[in-house]
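# Architecture and fold: a report
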Amino acid sequence: MEESNDQRYAVHRSWRSPFTVIERAEGIYLYDDQGNRYIDGAAGSSVVVNIGHGVQSVVEAMYEQSKKVCFAAPHLFTNQAQIELSTLIAERAPGEMRGNCRTWLGTTGTDAVDSSIRVARQYFLAKGQPSKYVVIARWQGFHGNNIFVSGVHGHSSRRKSYFPMFVNMPHIPPAYCYRCPFELTYPGCRLKCARELETMINQTGEENVAAFIAEPVVGAALGAVPAPEGYFEVIRDICDRRNVLFIADEVMTGWGRVGHWFGIEGWGVTPDIIATAKGMSSGYAPIAATIAREAIWQAIQDTKVPFLAGHTMNQNPVSCAGAIAAFHYVEEHDLVRKSEENGAFLLARLKGLVDEFEIVGDARGMGMMCGIEFVKDKETKEPFDPKLKVSSRYELECLNRGLSLFMCSGCVEGVAGDMILITPPLVITREQIDDLIRIMQDALQALQKELVQ
Ligand SMILES: Cc1ncc(COP(=O)(O)O)c(C=O)c1O
(Lines give C-alpha, C1' and ligand atoms only; values in the text may rest on other atoms or scores of the structure.)
Protein backbone atom coordinates (compact mmCIF):
# COMPACT_ATOMS: atom_id res chain seq x y z
CA MET A 1 0.00 0.00 0.00
CA GLU A 2 1.37 3.42 -0.94
CA GLU A 3 1.87 5.71 2.07
CA SER A 4 -0.25 8.85 2.17
CA ASN A 5 -1.03 11.40 4.83
CA ASP A 6 -4.35 12.50 3.34
CA GLN A 7 -6.48 12.38 6.50
CA ARG A 8 -9.71 13.70 4.95
CA TYR A 9 -11.58 10.43 5.35
CA ALA A 10 -10.56 9.59 8.93
CA VAL A 11 -12.36 10.87 12.05
CA HIS A 12 -10.03 11.50 15.00
CA ARG A 13 -10.60 12.06 18.70
CA SER A 14 -10.18 15.82 18.29
CA TRP A 15 -10.51 18.13 15.30
CA ARG A 16 -6.83 19.10 15.47
CA SER A 17 -5.47 18.48 12.01
CA PRO A 18 -3.42 16.80 10.74
CA PHE A 19 -3.21 14.23 13.52
CA THR A 20 0.30 13.00 14.31
CA VAL A 21 1.00 9.67 12.64
CA ILE A 22 2.82 7.22 14.92
CA GLU A 23 4.95 4.90 12.87
CA ARG A 24 6.55 2.68 15.47
CA ALA A 25 7.06 2.31 19.20
CA GLU A 26 9.49 0.67 21.56
CA GLY A 27 9.67 0.57 25.36
CA ILE A 28 8.38 3.91 26.66
CA TYR A 29 8.93 5.70 23.32
CA LEU A 30 6.68 6.47 20.37
CA TYR A 31 8.12 7.63 17.01
CA ASP A 32 6.15 9.62 14.44
CA ASP A 33 6.52 9.67 10.66
CA GLN A 34 8.53 12.92 10.86
CA GLY A 35 11.23 11.30 12.97
CA ASN A 36 10.08 12.85 16.28
CA ARG A 37 10.30 10.84 19.48
CA TYR A 38 7.77 11.05 22.34
CA ILE A 39 7.86 9.60 25.85
CA ASP A 40 4.55 7.77 26.20
CA GLY A 41 3.79 9.32 29.58
CA ALA A 42 0.18 8.20 29.38
CA ALA A 43 0.94 4.56 28.41
CA GLY A 44 -1.68 4.94 25.73
CA SER A 45 -4.93 6.75 26.49
CA SER A 46 -4.65 6.16 29.34
CA VAL A 47 -2.90 3.48 31.49
CA VAL A 48 -2.95 0.86 28.76
CA VAL A 49 0.58 -0.09 27.70
CA ASN A 50 1.79 -1.33 31.10
CA ILE A 51 4.60 -3.51 29.72
CA GLY A 52 5.81 -0.89 27.21
CA HIS A 53 5.77 -1.05 23.43
CA GLY A 54 7.25 -3.63 21.11
CA VAL A 55 7.47 -6.62 23.45
CA GLN A 56 8.24 -9.47 21.07
CA SER A 57 7.00 -12.29 23.32
CA VAL A 58 3.50 -10.79 23.17
CA VAL A 59 3.64 -10.27 19.41
CA GLU A 60 4.89 -13.83 18.93
CA ALA A 61 2.25 -15.34 21.21
CA MET A 62 -0.44 -13.61 19.16
CA TYR A 63 1.19 -14.71 15.92
CA GLU A 64 1.40 -18.33 17.09
CA GLN A 65 -2.26 -18.22 18.12
CA SER A 66 -3.21 -16.65 14.76
CA LYS A 67 -1.57 -19.53 12.93
CA LYS A 68 -3.77 -21.98 14.86
CA VAL A 69 -7.12 -20.14 14.96
CA CYS A 70 -8.06 -16.42 14.92
CA PHE A 71 -11.74 -16.76 15.62
CA ALA A 72 -13.90 -19.49 17.12
CA ALA A 73 -17.61 -18.64 17.24
CA PRO A 74 -18.30 -18.00 20.95
CA HIS A 75 -21.93 -19.18 20.78
CA LEU A 76 -20.73 -22.74 20.08
CA PHE A 77 -17.03 -22.99 20.97
CA THR A 78 -14.37 -22.06 23.43
CA ASN A 79 -10.61 -21.99 22.78
CA GLN A 80 -7.52 -22.93 24.75
CA ALA A 81 -6.39 -19.32 25.21
CA GLN A 82 -9.73 -18.37 26.78
CA ILE A 83 -9.53 -21.28 29.20
CA GLU A 84 -5.92 -20.49 30.16
CA LEU A 85 -6.57 -16.77 30.64
CA SER A 86 -9.64 -17.38 32.82
CA THR A 87 -7.57 -19.73 34.97
CA LEU A 88 -4.76 -17.17 35.33
CA ILE A 89 -7.29 -14.56 36.41
CA ALA A 90 -8.83 -16.90 39.00
CA GLU A 91 -5.32 -17.54 40.38
CA ARG A 92 -4.61 -13.79 40.74
CA ALA A 93 -8.09 -12.53 41.71
CA PRO A 94 -8.15 -10.52 44.96
CA GLY A 95 -9.08 -11.80 48.41
CA GLU A 96 -12.03 -14.17 48.63
CA MET A 97 -12.34 -14.20 44.84
CA ARG A 98 -9.05 -16.08 44.46
CA GLY A 99 -9.87 -19.52 43.05
CA ASN A 100 -13.51 -18.65 43.65
CA CYS A 101 -14.62 -16.71 40.59
CA ARG A 102 -15.35 -17.06 36.91
CA THR A 103 -14.51 -14.64 34.09
CA TRP A 104 -16.46 -13.37 31.09
CA LEU A 105 -14.21 -11.93 28.38
CA GLY A 106 -15.15 -8.94 26.24
CA THR A 107 -13.42 -6.25 24.22
CA THR A 108 -13.45 -2.82 25.94
CA GLY A 109 -13.70 -1.34 29.41
CA THR A 110 -17.20 -0.06 28.68
CA ASP A 111 -18.20 -3.54 27.65
CA ALA A 112 -16.76 -4.97 30.91
CA VAL A 113 -18.72 -2.43 32.98
CA ASP A 114 -21.92 -3.02 31.01
CA SER A 115 -21.48 -6.78 31.49
CA SER A 116 -20.80 -6.32 35.23
CA ILE A 117 -24.09 -4.51 35.60
CA ARG A 118 -25.82 -7.25 33.60
CA VAL A 119 -24.33 -9.83 35.99
CA ALA A 120 -25.76 -7.91 38.96
CA ARG A 121 -29.16 -7.61 37.31
CA GLN A 122 -29.32 -11.24 36.25
CA TYR A 123 -28.22 -12.33 39.74
CA PHE A 124 -31.11 -10.55 41.41
CA LEU A 125 -33.56 -11.87 38.81
CA ALA A 126 -32.21 -15.33 39.62
CA LYS A 127 -32.70 -14.67 43.32
CA GLY A 128 -36.36 -13.71 42.76
CA GLN A 129 -35.75 -10.01 43.49
CA PRO A 130 -36.72 -8.39 40.15
CA SER A 131 -37.18 -4.90 41.62
CA LYS A 132 -33.41 -4.60 42.15
CA TYR A 133 -31.98 -2.81 39.12
CA VAL A 134 -30.58 0.55 40.31
CA VAL A 135 -26.80 1.05 40.14
CA ILE A 136 -25.46 3.75 42.47
CA ALA A 137 -22.25 5.44 41.29
CA ARG A 138 -20.28 8.54 42.25
CA TRP A 139 -20.06 12.01 40.80
CA GLN A 140 -16.69 12.57 39.17
CA GLY A 141 -16.30 8.88 38.48
CA PHE A 142 -16.03 7.43 34.96
CA HIS A 143 -17.14 4.00 33.82
CA GLY A 144 -17.37 4.03 30.04
CA ASN A 145 -18.74 5.48 26.92
CA ASN A 146 -21.86 3.77 25.64
CA ILE A 147 -25.23 5.42 26.13
CA PHE A 148 -26.39 3.14 28.98
CA VAL A 149 -23.14 3.51 30.94
CA SER A 150 -23.32 7.30 30.44
CA GLY A 151 -26.36 7.19 32.74
CA VAL A 152 -24.31 5.36 35.35
CA HIS A 153 -21.02 7.27 35.42
CA GLY A 154 -20.63 10.69 36.96
CA HIS A 155 -18.40 12.48 34.46
CA SER A 156 -20.71 15.40 33.69
CA SER A 157 -19.30 16.60 30.37
CA ARG A 158 -19.33 13.06 28.95
CA ARG A 159 -22.99 12.53 29.94
CA LYS A 160 -24.51 15.81 28.76
CA SER A 161 -25.21 15.01 25.11
CA TYR A 162 -26.98 11.75 25.94
CA PHE A 163 -29.01 12.94 28.90
CA PRO A 164 -32.46 12.40 27.34
CA MET A 165 -31.43 8.95 26.13
CA PHE A 166 -30.29 7.04 29.21
CA VAL A 167 -31.65 5.89 32.56
CA ASN A 168 -30.21 8.43 34.98
CA MET A 169 -28.85 6.43 37.91
CA PRO A 170 -28.26 8.00 41.36
CA HIS A 171 -24.84 9.34 42.36
CA ILE A 172 -23.14 10.02 45.67
CA PRO A 173 -20.30 12.54 46.11
CA PRO A 174 -16.76 11.44 45.32
CA ALA A 175 -14.04 10.54 47.83
CA TYR A 176 -11.92 13.60 47.06
CA CYS A 177 -10.07 14.93 50.09
CA TYR A 178 -8.36 17.81 48.21
CA ARG A 179 -11.83 19.30 47.63
CA CYS A 180 -13.95 17.46 50.16
CA PRO A 181 -17.58 17.78 49.02
CA PHE A 182 -18.59 18.05 52.70
CA GLU A 183 -15.82 20.52 53.59
CA LEU A 184 -14.55 18.06 56.20
CA THR A 185 -11.05 16.78 56.90
CA TYR A 186 -9.87 13.17 57.02
CA PRO A 187 -9.95 11.27 59.36
CA GLY A 188 -12.20 13.52 61.47
CA CYS A 189 -14.80 13.21 58.69
CA ARG A 190 -15.31 9.53 59.63
CA LEU A 191 -15.52 8.86 55.89
CA LYS A 192 -18.80 10.66 55.37
CA CYS A 193 -18.30 10.24 51.62
CA ALA A 194 -18.50 6.43 52.04
CA ARG A 195 -21.38 6.58 54.52
CA GLU A 196 -23.38 8.53 51.92
CA LEU A 197 -23.92 5.22 50.13
CA GLU A 198 -26.21 4.06 52.93
CA THR A 199 -28.13 7.33 52.78
CA MET A 200 -28.62 6.85 49.05
CA ILE A 201 -29.75 3.23 49.53
CA ASN A 202 -32.28 4.41 52.14
CA GLN A 203 -33.59 7.12 49.84
CA THR A 204 -33.73 4.89 46.75
CA GLY A 205 -35.11 1.86 48.60
CA GLU A 206 -32.94 -1.16 49.27
CA GLU A 207 -35.42 -3.29 47.35
CA ASN A 208 -34.50 -1.32 44.20
CA VAL A 209 -30.71 -1.20 44.46
CA ALA A 210 -28.67 -3.90 42.71
CA ALA A 211 -25.13 -2.54 42.85
CA PHE A 212 -22.67 0.18 43.75
CA ILE A 213 -19.80 0.86 41.33
CA ALA A 214 -16.57 2.75 42.00
CA GLU A 215 -12.97 3.07 40.79
CA PRO A 216 -10.38 2.41 43.55
CA VAL A 217 -8.34 5.30 42.09
CA VAL A 218 -10.45 7.73 40.05
CA GLY A 219 -8.82 8.27 36.67
CA ALA A 220 -10.29 10.42 33.92
CA ALA A 221 -12.82 12.29 36.05
CA LEU A 222 -10.53 13.35 38.93
CA GLY A 223 -6.96 12.86 37.72
CA ALA A 224 -5.67 9.90 39.79
CA VAL A 225 -7.37 10.30 43.15
CA PRO A 226 -7.19 7.19 45.40
CA ALA A 227 -9.98 6.74 47.94
CA PRO A 228 -8.75 7.44 51.49
CA GLU A 229 -7.72 4.58 53.76
CA GLY A 230 -10.77 2.78 55.14
CA TYR A 231 -13.15 3.97 52.42
CA PHE A 232 -13.79 0.63 50.76
CA GLU A 233 -14.06 -1.18 54.10
CA VAL A 234 -17.05 1.06 54.88
CA ILE A 235 -18.46 0.47 51.38
CA ARG A 236 -18.06 -3.30 51.74
CA ASP A 237 -19.84 -3.28 55.09
CA ILE A 238 -22.78 -1.25 53.74
CA CYS A 239 -23.11 -3.46 50.66
CA ASP A 240 -23.10 -6.61 52.85
CA ARG A 241 -25.73 -5.30 55.24
CA ARG A 242 -27.98 -3.89 52.51
CA ASN A 243 -27.89 -6.74 49.97
CA VAL A 244 -26.12 -4.64 47.32
CA LEU A 245 -23.33 -5.95 45.08
CA PHE A 246 -20.07 -4.02 44.98
CA ILE A 247 -18.57 -3.64 41.49
CA ALA A 248 -14.93 -2.50 41.46
CA ASP A 249 -14.16 -0.71 38.19
CA GLU A 250 -10.55 -1.80 37.64
CA VAL A 251 -10.45 -0.83 33.99
CA MET A 252 -7.57 1.50 34.82
CA THR A 253 -6.28 0.15 38.12
CA GLY A 254 -5.95 -3.56 37.25
CA TRP A 255 -2.90 -5.52 36.06
CA GLY A 256 -0.28 -4.00 38.36
CA ARG A 257 -0.88 -0.36 37.49
CA VAL A 258 -1.24 0.85 41.09
CA GLY A 259 1.21 -1.52 42.79
CA HIS A 260 -1.15 -4.49 43.21
CA TRP A 261 -2.52 -6.94 40.66
CA PHE A 262 -5.88 -5.33 41.35
CA GLY A 263 -6.15 -1.85 42.87
CA ILE A 264 -8.80 -2.83 45.41
CA GLU A 265 -6.19 -4.99 47.18
CA GLY A 266 -4.78 -1.73 48.53
CA TRP A 267 -7.84 -1.54 50.79
CA GLY A 268 -7.89 -5.25 51.68
CA VAL A 269 -11.45 -5.56 50.43
CA THR A 270 -12.99 -8.15 48.09
CA PRO A 271 -15.57 -6.86 45.62
CA ASP A 272 -18.38 -9.03 44.24
CA ILE A 273 -17.66 -8.17 40.62
CA ILE A 274 -14.63 -6.64 38.87
CA ALA A 275 -14.69 -4.89 35.49
CA THR A 276 -11.25 -4.61 33.91
CA ALA A 277 -9.59 -3.95 30.52
CA LYS A 278 -6.83 -1.54 29.33
CA GLY A 279 -3.60 -2.97 30.82
CA MET A 280 -4.92 -6.51 30.50
CA SER A 281 -3.20 -7.03 27.15
CA SER A 282 -1.19 -3.80 27.46
CA GLY A 283 -3.04 -2.61 24.36
CA TYR A 284 -1.57 -5.28 22.07
CA ALA A 285 -5.13 -6.44 21.31
CA PRO A 286 -8.60 -5.37 22.48
CA ILE A 287 -9.73 -7.37 25.50
CA ALA A 288 -11.71 -6.85 28.69
CA ALA A 289 -13.00 -8.97 31.57
CA THR A 290 -15.94 -9.19 33.92
CA ILE A 291 -14.92 -11.27 36.92
CA ALA A 292 -17.56 -12.29 39.45
CA ARG A 293 -17.66 -14.47 42.53
CA GLU A 294 -18.52 -18.11 41.94
CA ALA A 295 -21.76 -17.91 43.97
CA ILE A 296 -23.06 -15.14 41.68
CA TRP A 297 -22.42 -17.12 38.49
CA GLN A 298 -23.82 -20.26 40.12
CA ALA A 299 -27.08 -18.49 41.01
CA ILE A 300 -27.43 -17.37 37.37
CA GLN A 301 -26.48 -20.82 36.08
CA ASP A 302 -29.13 -22.44 38.32
CA THR A 303 -31.83 -20.55 36.41
CA LYS A 304 -30.61 -22.24 33.20
CA VAL A 305 -30.80 -18.82 31.47
CA PRO A 306 -27.38 -18.14 29.87
CA PHE A 307 -25.54 -14.93 30.66
CA LEU A 308 -27.05 -12.44 28.24
CA ALA A 309 -24.15 -10.12 27.37
CA GLY A 310 -22.89 -11.82 24.22
CA HIS A 311 -21.03 -9.89 21.52
CA THR A 312 -19.49 -11.31 18.36
CA MET A 313 -15.90 -10.59 19.40
CA ASN A 314 -16.08 -12.01 22.97
CA GLN A 315 -13.21 -14.28 24.08
CA ASN A 316 -11.19 -13.67 20.91
CA PRO A 317 -8.34 -16.23 20.88
CA VAL A 318 -5.69 -13.82 19.54
CA SER A 319 -6.56 -11.20 22.18
CA CYS A 320 -6.54 -13.88 24.89
CA ALA A 321 -3.09 -15.07 23.75
CA GLY A 322 -1.83 -11.46 23.90
CA ALA A 323 -3.23 -11.00 27.41
CA ILE A 324 -1.64 -14.24 28.65
CA ALA A 325 1.77 -13.22 27.28
CA ALA A 326 1.42 -9.70 28.75
CA PHE A 327 0.49 -11.24 32.10
CA HIS A 328 3.66 -13.37 32.08
CA TYR A 329 5.77 -10.37 31.10
CA VAL A 330 4.47 -8.42 34.11
CA GLU A 331 5.24 -11.33 36.38
CA GLU A 332 8.68 -12.15 34.94
CA HIS A 333 9.81 -8.50 35.11
CA ASP A 334 8.40 -7.90 38.59
CA LEU A 335 6.38 -4.97 37.28
CA VAL A 336 3.82 -4.91 40.09
CA ARG A 337 6.55 -4.18 42.63
CA LYS A 338 8.26 -1.73 40.23
CA SER A 339 4.95 0.07 39.79
CA GLU A 340 4.73 0.61 43.55
CA GLU A 341 8.37 1.63 44.04
CA ASN A 342 8.95 3.75 40.94
CA GLY A 343 5.42 5.13 41.25
CA ALA A 344 6.35 6.51 44.69
CA PHE A 345 9.45 8.06 43.10
CA LEU A 346 7.33 9.62 40.34
CA LEU A 347 4.82 10.98 42.84
CA ALA A 348 7.59 12.54 44.93
CA ARG A 349 8.89 14.31 41.81
CA LEU A 350 5.38 15.52 40.97
CA LYS A 351 4.95 16.87 44.50
CA GLY A 352 8.11 18.87 43.78
CA LEU A 353 6.21 20.57 40.94
CA VAL A 354 3.55 21.69 43.46
CA ASP A 355 6.29 23.55 45.37
CA GLU A 356 7.90 24.87 42.20
CA PHE A 357 4.91 26.17 40.24
CA GLU A 358 2.19 28.60 41.23
CA ILE A 359 -0.37 26.93 38.97
CA VAL A 360 0.06 23.38 40.30
CA GLY A 361 -2.21 22.90 43.32
CA ASP A 362 -1.96 19.18 44.01
CA ALA A 363 -0.12 15.99 43.04
CA ARG A 364 -1.65 12.63 43.91
CA GLY A 365 -1.77 9.01 42.88
CA MET A 366 -1.09 5.39 43.72
CA GLY A 367 1.59 3.24 42.14
CA MET A 368 2.28 4.34 38.58
CA MET A 369 -1.06 6.16 38.28
CA CYS A 370 -0.45 9.79 39.14
CA GLY A 371 -1.99 13.16 38.40
CA ILE A 372 -1.59 16.84 39.03
CA GLU A 373 -4.31 19.45 39.39
CA PHE A 374 -3.99 23.03 38.16
CA VAL A 375 -5.32 25.92 40.24
CA LYS A 376 -5.55 29.65 39.73
CA ASP A 377 -5.04 30.26 43.45
CA LYS A 378 -3.27 27.74 45.69
CA GLU A 379 -4.73 29.14 48.92
CA THR A 380 -8.38 29.10 47.88
CA LYS A 381 -7.98 26.25 45.33
CA GLU A 382 -9.94 28.36 42.85
CA PRO A 383 -9.85 26.58 39.48
CA PHE A 384 -9.08 28.28 36.19
CA ASP A 385 -11.91 29.49 33.99
CA PRO A 386 -12.84 26.42 31.88
CA LYS A 387 -12.77 28.67 28.79
CA LEU A 388 -8.98 28.85 29.18
CA LYS A 389 -8.78 25.07 28.52
CA VAL A 390 -5.73 24.82 30.77
CA SER A 391 -5.36 21.04 30.80
CA SER A 392 -5.67 20.61 27.05
CA ARG A 393 -3.18 23.45 26.50
CA TYR A 394 -0.77 21.75 28.87
CA GLU A 395 -1.26 18.42 27.10
CA LEU A 396 -0.28 20.13 23.84
CA GLU A 397 2.70 21.97 25.40
CA CYS A 398 4.02 18.58 26.53
CA LEU A 399 3.29 16.90 23.19
CA ASN A 400 5.20 19.62 21.34
CA ARG A 401 8.17 18.89 23.61
CA GLY A 402 8.06 15.12 23.09
CA LEU A 403 5.84 13.86 25.92
CA SER A 404 2.34 12.42 25.56
CA LEU A 405 0.07 12.79 28.61
CA PHE A 406 -3.70 12.55 29.14
CA MET A 407 -5.68 15.69 30.00
CA CYS A 408 -8.80 15.65 32.17
CA SER A 409 -11.24 18.29 33.34
CA GLY A 410 -14.34 18.67 35.49
CA CYS A 411 -13.05 17.80 38.98
CA VAL A 412 -14.95 20.80 40.37
CA GLU A 413 -18.58 19.68 40.25
CA GLY A 414 -18.20 18.62 36.64
CA VAL A 415 -18.02 22.18 35.35
CA ALA A 416 -14.46 23.35 36.08
CA GLY A 417 -11.10 22.05 37.21
CA ASP A 418 -8.09 20.94 35.15
CA MET A 419 -5.98 17.85 35.72
CA ILE A 420 -3.44 15.83 33.81
CA LEU A 421 -2.72 12.12 34.21
CA ILE A 422 0.90 10.93 34.32
CA THR A 423 0.81 7.17 33.88
CA PRO A 424 3.87 5.93 31.97
CA PRO A 425 4.50 2.26 31.18
CA LEU A 426 5.49 0.28 34.29
CA VAL A 427 8.87 -0.46 32.70
CA ILE A 428 9.96 3.18 32.93
CA THR A 429 13.27 3.69 34.75
CA ARG A 430 14.06 6.43 37.28
CA GLU A 431 16.33 8.16 34.75
CA GLN A 432 13.47 8.19 32.26
CA ILE A 433 11.14 9.55 34.96
CA ASP A 434 13.63 12.40 35.39
CA ASP A 435 13.49 13.08 31.63
CA LEU A 436 9.69 13.11 31.77
CA ILE A 437 9.70 15.54 34.71
CA ARG A 438 12.13 17.86 32.88
CA ILE A 439 9.72 18.12 29.95
CA MET A 440 6.82 18.71 32.34
CA GLN A 441 8.80 21.53 34.03
CA ASP A 442 9.61 23.15 30.72
CA ALA A 443 5.98 22.98 29.60
CA LEU A 444 4.77 24.30 32.96
CA GLN A 445 7.10 27.28 32.72
CA ALA A 446 5.65 28.16 29.32
CA LEU A 447 2.04 27.72 30.41
CA GLN A 448 2.50 29.57 33.70
CA LYS A 449 3.98 32.52 31.81
CA GLU A 450 0.82 32.72 29.71
CA LEU A 451 -1.61 32.29 32.62
CA VAL A 452 -0.05 34.37 35.39
CA GLN A 453 0.38 38.05 34.57
C1 LIG B 1 -12.41 3.58 35.00
C2 LIG B 1 -12.86 3.36 33.59
N3 LIG B 1 -13.87 2.51 33.35
C4 LIG B 1 -14.27 2.25 32.09
C5 LIG B 1 -13.69 2.85 31.01
C6 LIG B 1 -14.11 2.53 29.61
O7 LIG B 1 -13.13 1.79 28.97
P8 LIG B 1 -13.01 1.75 27.37
O9 LIG B 1 -12.55 3.09 26.93
O10 LIG B 1 -12.01 0.68 27.11
O11 LIG B 1 -14.35 1.39 26.86
C12 LIG B 1 -12.63 3.74 31.22
C13 LIG B 1 -11.98 4.42 30.07
O14 LIG B 1 -11.18 5.30 30.19
C15 LIG B 1 -12.21 4.01 32.54
O16 LIG B 1 -11.22 4.85 32.79
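Residues numbered from 1 in each chain as written. Predicted model: local features only at pLDDT ≥ 70, side-chain atom pairs only at ≥ 80, totals over all residues. Heavy atoms only, no water.

## Quick notes on the overall build of the chain
Counting its secondary structure elements, the chain contains 13 helices and 17 strands. Oriented by its inertia axes, the alpha-carbon framework of the chain measures out at about 65 × 55 × 40 Å. In the chain, buried positions account for 57% of the 453 residues. Counted over contacts in the chain with a minimum sequence separation of 6, partners at least 24 positions apart contribute 72%. One way to put it: in the chain the 44 positive side-chain charges average out to a point 4 Å from where the 54 negative ones average out. (Helix = DSSP H or I, 4+ residues; strand = E, 2+ residues; numbered from the N terminus. Buried < 20%, exposed > 50% of the residue type's maximum accessible area, 1.4 Å probe, protein only. Contact = heavy atoms within 4.5 Å. Lys, Arg positive; Asp, Glu negative; His and termini not counted. Charge placed at Lys NZ, Arg CZ, Asp CG, Glu CD.)

## Things to note about the state of the cysteines
Counting across every chain of the model gives zero disulfides. The structure places no disulfide on Cys320, whose sulfur is separated from the nearest cysteine sulfur, that of Cys70, by 12 Å. (Disulfide = S-S within 2.5 Å.)

## Quick notes on the sheet that holds strand β17 (residues 416-422)
Strand order in the open sheet formed by four strands is β13-β14-β17-β16, with antiparallel pairing between adjacent strands. The strands lining the two open edges of the sheet, one partner per strand, are β13 (360-366) and β16 (406-412). Ignoring strand direction, the axes of neighbouring strands in this sheet form an average angle of 25°. Summarising the sheet, strand β14 (residues 369-374) and β17 pair through five bridges and their orientation is antiparallel. Counted as the bridge partner of Cys370 is Ile422 from β17. Seen against the sheet, helix α13 (residues 430-451) touches β13, β14 and β17 and runs at an angle of roughly 15° to β14. (Pairing = 2+ DSSP bridges. Axes fitted to C-alpha atoms, helices over the stretch in contact; angles between N-to-C directions.)

## With respect to the pairing of strand β3 (residues 37-40)
Bridge analysis of strand β2 (residues 29-32) against β3 gives three bridges, and the strand direction is antiparallel. Following the sheet pairing, Tyr31 is matched in β3 by Arg37. Bridge count for β3 against strand β15 (residues 403-404) is two bridges, and the pairing is parallel. Bridged to Ile39 within β15 is Leu403.

## Comments concerning the site of the ligand
Lining the immediate environment of the ligand, one finds Thr108, Gly109, Thr110, Phe142, His143, Gly144, Glu215, Asp249, Val251, Met252 and Lys278. A distance of 2.5 Å separates an oxygen atom of the ligand from a polar atom in the side chain of Thr110. The separation between a nitrogen atom of the ligand and a polar side-chain atom of Asp249 is 2.7 Å. Relative to its unbound accessible area of 390 Å², the ligand is 82% covered by the protein chains. A per-class count over the shell around the ligand returns three nonpolar, five polar and three charged. (Near = heavy atom within 4 Å. Polar contact = N/O pair within 3.5 Å; in protein donor to acceptor, adjacent residues only side chain to side chain. Areas by Shrake-Rupley, 256 points an atom, 1.4 Å probe, with all protein chains shown as cover. Nonpolar A, V, L, I, M, F, W, Y, C, P; charged D, E, K, R; others polar.)

## Here we look at the packing of aromatic side chains
Here the structure, examined in full by the defined rule, presents twelve aromatic pairs. Every member of this aromatic cluster is reached through a ring pair, and the members are Phe212, Tyr231, Phe232, Phe246 and Trp267. Between the NZ or CZ atom of Lys192 and the centre of the ring of Phe182, over which it lies, the distance is 5.2 Å. Seen from the ring of Tyr178, Lys381 lies directly overhead, with NZ or CZ sitting 4.3 Å from the centre. (Phe/Tyr/Trp six-rings, centres within 6.5 Å; stacked < 30°, edge-to-face > 60°. Lys NZ or Arg CZ within 6 Å of the ring centre and 35° of its normal.)

## Structural notes on helix α3 (residues 80-92)
For an α-helix, the turn length of 3.6 residues means that residues three or four places apart are oriented alike. End to end, α3 covers 19 Å across 13 residues, agreeing with the expected 18 Å (1.5 Å per residue, within 8%). Among the residues of α3, those classed as buried are Ala81, Gln82, Leu85, Ser86, Leu88, Ile89 and Ala90. In the core, the buried residues of α3 are packed alongside α2 (56-68), β4 (101-106), β12 (288-293) and α10 (317-332). Between the side-chain oxygen of the N-cap and the backbone nitrogen of Ala81 there are 3.2 Å, and the N-cap of α3 in question is Asn79. (Expected span 1.5 Å × (residues − 1).)

## Some thoughts on the nonpolar core
It is characteristic of soluble globular proteins that their nonpolar side chains tend to be buried jointly. In terms of nonpolar packing, the biggest core is built from 149 residues, with Phe212, Tyr231, Phe232, Leu350, Phe374, Tyr394 and Met440 touching the most fellow members. The residues touching Tyr394, leaving out its near neighbours within four places in the chain, are Phe374, Leu405, Ile420, Met440, Ala443, Leu444 and Leu447. (Core = buried A, V, L, I, M, F, W, Y, C linked by side-chain atoms within 4.5 Å.)

## Describing the pairing of β14
The two faces of the sheet receive side chains in turn, since in a regular strand these alternate between them. Counting buried residues in β14 gives six out of six residues, a clear majority hidden from the surface. Along β14, one buried face is formed by Met369, Gly371 and Glu373 and the opposite face, lined by Cys370, Ile372 and Phe374, is buried too. Sheet analysis places β13 next to β14, joined by six bridges and oriented antiparallel. Along β14, the bridge assignment pairs Gly365 with Cys370. Counting the residues that bridge the hairpin from β13 to β14 gives two residues, and of these Gly367 lies at a positive phi of roughly 55°.

## Describing the sheet that holds strand β10 (residues 245-250)
Pairing is mixed in the open sheet, where seven strands are placed in the order β4-β12-β11-β10-β7-β5-β6. Edge positions in the sheet fall to β4 and β6 (171-172), since each of these pairs with one other strand and no more. As judged from the three bridges shared by strand β5 (residues 134-138) and strand β7 (residues 209-214), these two strands associate in the parallel manner. From the neighbouring strand, Val134 faces β7, where its bridge partner is Val209. On the sheet, α3 packs against β4 and β12 and is oriented at approximately 130° with respect to β4.

## Quick notes on the side chain of His155
You can see His155 is positioned in the loop between α5 (147-150) and α6 (156-159). Apart from the residues lying within four places of it in its own chain, the contact partners of His155 are Gly141, Phe142, Ala220, Ala221 and Ser409.

## Description of the environment of Arg241
Tracing the backbone through its elements, the reader meets Arg241 in helix α8 (residues 231-241). Given a relative accessible area of 47%, Arg241 falls into the partly exposed group. Sequence separation of Arg241 and Gln301 is 60 residues, and the distance between their C-alpha atoms is 25 Å.

Honestly, it's all geometry; don't read function into it.
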